[in-house]
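# Residue-level structural notes
Chain by chain, the residues:
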Amino acid sequence: MSAASVIALLIPFTAGAQQPESHRLVAESFSLTTSNLQTRIWSDQLPALLSGRKHLQAAAPDANIGLTGLVYETQFKVDRRFYVVSVLNHQCANTGLEHSLSCPARIAEISGSTPRLIQEVPNFVVSFQPDATGTKTNAQSRYMTIASFDPATRALTFTDVSDGQQTTLPIRINLE
């Protein structure tokens, strides 16, 4: 293979690696009783989460309430590092907007099994659409939150989509 052919093959990969990347924050449930990425990110919140779920189990024993939590999350791979945006659906406040909550969020760098907290955002706006059972989800595109990473600035930015209307959120997180 000629040098020109090798360079021609590499240009699309190099150009693609430099493009901004966007992901929606996806609703994910996680076990509060087993070690997983979310329990490590939110380890200081686990006692309150478990207590709340156990209280619900005791109040409604026939409701089949599991020891689970809910996060809205996405991940980015930057160089050889992984960054997680995790918004915990716990102690959230109503924003006054339909299908929108203000919840605690954490951005963590994952290296091995221990997350390193990059930044905490106490009032992160996350949009969702309840499904037919009333569960907060975002499996459609009218209500969602999008995280974007720009490799040129090494920054995470966020966009709220409510009823199809996009609004840039005033949150910018610079990654190292």
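Residues numbered from 1 in each chain as written. Predicted model: local features only at pLDDT ≥ 70, side-chain atom pairs only at ≥ 80, totals over all residues. Heavy atoms only, no water.

Counting buried positions along strand 6 (residues 100–111) gives 11 out of 12 residues, so the element sits mostly inside the fold. Two elements, strand 5 (residues 93–94) and strand 6, share two bridges in a ladder whose sense is antiparallel. Within strand 6, the position partnered with Ala-93 by the bridge is Ser-102. Here strand 5 hands over to strand 6 after five residues, with Gly-96 in that stretch at a positive phi of 90 degrees. Inspection of the sheet shows strand 6 paired to strand 7 (residues 114–127) by 11 bridges, in the antiparallel sense. Paired with Ser-111 across the bridge in strand 7 is Thr-114. Taking the residues between adjacent antiparallel strands as the criterion, strand 6 and strand 7 are bridged by two residues, where Gly-112 takes a positive phi near 70 degrees. (Buried < 20%, exposed > 50% of the residue type's maximum accessible area, 1.4 Å probe, protein only. Helix = DSSP H or I, 4+ residues; strand = E, 2+ residues; numbered from the N terminus. Pairing = 2+ DSSP bridges.)

Once that is clear, we can look at the sheet that holds strand 11 (residues 155–162). Spatially, four strands are ordered 1-10-11-12 in an open sheet, and the strand pairing comes out antiparallel. Each edge of the open sheet is held by one strand with a lone partner, namely strand 1 (21–24) and strand 12 (165–174). Taking the axes of each pair of neighbouring strands and ignoring which way they run, one obtains an average angle of 20 degrees across the sheet. Across four bridges, the pairing between strand 1 and strand 10 (residues 143–150) is antiparallel. What sits directly across from Ser-22, in strand 10, is Ser-148. (Axes fitted to C-alpha atoms, helices over the stretch in contact; angles between N-to-C directions.)

Right, let's talk about the pattern of salt bridges for a bit. By the definition in use, this model includes six salt bridges. For Asp-44, the salt bridge identified is with Arg-106, shortest N-O distance 2.8 Å. Pair noted here: Asp-44 is in the loop between helix 2 (37–41) and helix 3 (46–59) and Arg-106 is in strand 6, with a separation of 62 residues, a long-range link. Here Asp-44 falls in the partly exposed class, since its relative accessible area comes to 48%. On the basis of relative accessibility, which here comes to 6%, the residue Arg-106 falls in the buried class. Taking the shortest distance from any N to any O, the salt bridge between Arg-154 and Asp-79 comes out at 3.4 Å. Taken together, the residues span a long stretch of sequence, with Arg-154 in the loop between strand 10 and strand 11 and Asp-79 in the loop between strand 3 (68–78) and strand 4 (81–88) at a distance of 75 residues. In this structure Arg-154 comes out as partly exposed when scored by relative accessible area, which is 23%. (Salt bridge = Lys/Arg side-chain N within 4 Å of Asp/Glu carboxyl O.)

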